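Below are the chains, spelled out letter by letter.
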Amino acid sequence: MQKIRISELGNFVGQEVTLQGWLFNKRSSGKIKFIILRDGSGYLQCVYFKGNLVPEVFDLADKIGQESSIEVTGKVKEEPRAPGGYELDATNLKIISEAHDYPITPKEHGIEFLLDNRHLWLRSSKQVAILKIRHRIVKAIRDFFDDRGFTLMDPPILTPNAVEGTSTLFETPYFDLGNAYLTQSGQLYAEAGAMALGKVYTFGPTFRAEKSKTRRHLTEFWMVEPEVAFNDLNDNMDLAEEFLEYIVQTVLKENANELKVLERDTTKLQNVKRPFPRVHYDEAVEILRKNGIDFKWGNDLGGSDETIVSEQYDRPVMVHHYPAEVKAFYMKRDPEDPKYALAVDVLAPEGYGEIIGGSQREDNLDFLLERIKEHNLPQSAFEWYLDLRRFGSVPHSGFGLGLERTVSWICGLDHLREAIPFPRMIYRNTP
RNA sequence: UCCGCGAUAGCUCAAUGGUGGAGCAUUCGGCUGUUAACCGAAGGGUUGCAGGUUCGAGUCCUGCUCGCGGAGCCA
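Residues numbered from 1 in each chain as written. Chains lettered and ligands numbered in written order. Predicted model: local features only at pLDDT ≥ 70, side-chain atom pairs only at ≥ 80, totals over all residues. Heavy atoms only, no water.

Enquirer: Got a sec to walk through the nonpolar core? Specific residues and values, please.
Expert: Of all hydrophobic cores here, the largest spans 45 residues; its most connected members are I137, I141, F243, W409 and I410. No other element matches helix α6 (residues 233-254), which puts ten residues into this core. Apart from the residues lying within four places of it in its own chain, the contact partners of I410 are I133, I137, I247, V248, V251, L259, R264 and L269. Among the nonpolar cores identified, the runner-up in size contains 30 residues, and A284, V309, V317 and F329 belong to it. (Core = buried A, V, L, I, M, F, W, Y, C linked by side-chain atoms within 4.5 Å. Buried < 20%, exposed > 50% of the residue type's maximum accessible area, 1.4 Å probe, protein only. Helix = DSSP H or I, 4+ residues; strand = E, 2+ residues; numbered from the N terminus. Contact = heavy atoms within 4.5 Å.)

Okay, here's the thing in structure tokens:
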């Protein structure tokens, strides 16, 4: 038997085919029964007329509950009323495995219940659409860098020390070497890679043990981090905006159906085209004060501050030249005015906040040594990192993009937990 | 960690301090074009846990547990 998926039905109009999948929903009206088949590639209404079938097949439809696995056979028919454009004039029905009392019914459910049943919730149409868009974004990310001469380089996940010192890390015993920590960023390793390969990117899971309890935080999330030798802050911003434009436009082109399922208003995504506005930190402060915020120069932008700044524009906005005090030790200070770091955050529109954080890195050995001292970091742990400045140091820049925040923004979700198949949050690590 | 809100049927929610209900799901019956189908019927409850106030507590009070939203921190 040839295996056919619902997404391929257009090639089989008028032919008898067999499909395998799960019972999404069913309706009956006496002598006619409608079975909605779901196979991961789409949805198909299968029509069972009593007059066309042997009684055993017609009665079989009564036995099966939602999410039973089934095999249907019938003739493919074009049907303008059907969401997918096709319908099946069914001639046979086989039960592969019966399901009864499936917990997630077609009515509303609370978030706690859905998260407890995340392994089943993934079968819902919106979750399937999100998973497909997440996949497209991952593919777009890899295509973007692969097509531009970058090499993918995987950093370690178990690391001996904190990259930025400030965040809390997950700790785990590591044989005779004391404790190891789950990585919160592959960046320092990416810098080593950039000195070897010129242009690299890392892409993998990262971990933050901070007790953040908001819609913008997970304890385990995915991050992509490009790092480029000889790029300065402006090159870095050029790369970031081209990158985001590519991701968003690719999803718009390839996932129109999924965005429709999610009822995403795409007009604001259409705007995501270069150039993005570039706003100096001082300008951002001015914008906040004009909007009645009593903002103290030198502070980092909070979530609501970010929203106010991004609302001034119709596309992502890049805020650069943050006060060095609030930024990480490895960021290069502006030679013109060292109270600023050559840092950039990209804020997504519609209140989605920071999706990219990046900077030009400190490439001067002496300055970097000073920073390590100022931040009370153990120099010995960074000797390898300092070697990158001892042996052929060059200006270089990079940034990190949070995958789930990007998925959440593009899909129009109200919480990061739906942007990853099995979210890990402060009060939940199951299923 | 802090602030706020909540926990009642499998699920989503009602119930003035006075006999705990509805919709969906489930089971049974009806319907030849339904699309969160519809119509009729049935079963389904230690009201999160522990104490207290009261003639009487789902409802008021105290503590605990769990969850949700937000802040800080960050992608």
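Enquirer: Lay out the packing of aromatic side chains in plain terms, naming residues and giving numbers.
Expert: Counting across every chain of the model gives 19 aromatic pairs. Each ring, one from Y281 and one from Y322, has its centre 5.7 Å from the other, and the planes form 45 degrees; the classification is tilted. In this pair, Y281 sits in helix α9 (residues 281-290) while Y322 sits in the loop between β13 (317-320) and β14 (343-348), placing the two residues 41 residues apart along the sequence. Accessibility classification places Y281 together with Y322 in one group, the buried group. Among the aromatic side chains, those forming a connected cluster through ring pairs are F144, F145, F150, Y201, F243, Y246 and F399. One residue, R148, lies across the ring of Y246, its end atom 5.8 Å from the ring centre. When the ring centre of Y322 is taken as origin, the NZ or CZ atom of K327, which lies over that ring, is 4.3 Å away. (Phe/Tyr/Trp six-rings, centres within 6.5 Å; stacked < 30°, edge-to-face > 60°. Lys NZ or Arg CZ within 6 Å of the ring centre and 35° of its normal.)

Enquirer: Tell me about the side chain of H415, and please be specific about residues and values.
Expert: With respect to the element layout, H415 can be found in the segment after α13 (403-411). Here the side chain of H415 touches R417 through a polar contact of 3.0 Å, landing on its backbone nitrogen. (Polar contact = N/O pair within 3.5 Å; in protein donor to acceptor, adjacent residues only side chain to side chain.)

Enquirer: Mind laying out the domain arrangement of chain A, listing which residues take part and the relevant values?
Expert: Partitioning chain A into structural domains gives domain 1 (6-97) and domain 2 (118-418). Inter-centroid distance (C-alpha atoms) of domain 1 to domain 2 is 46 Å. Facing six residues of domain 1, the contacting portion of domain 2 comprises five residues. Buried area between domain 1 and domain 2, both sides added, is near 400 Å², and the carbon and sulfur share of it is 43%. The tally of links between domain 1 and domain 2 comes to one salt bridge. Per-class residue counts for the side of domain 1 that touches domain 2 are two nonpolar, two polar and two charged. (Domains from an automatic or database assignment. Buried area = accessible area lost by both parts, 1.4 Å probe. Salt bridge = Lys/Arg side-chain N within 4 Å of Asp/Glu carboxyl O. Nonpolar A, V, L, I, M, F, W, Y, C, P; charged D, E, K, R; others polar.)

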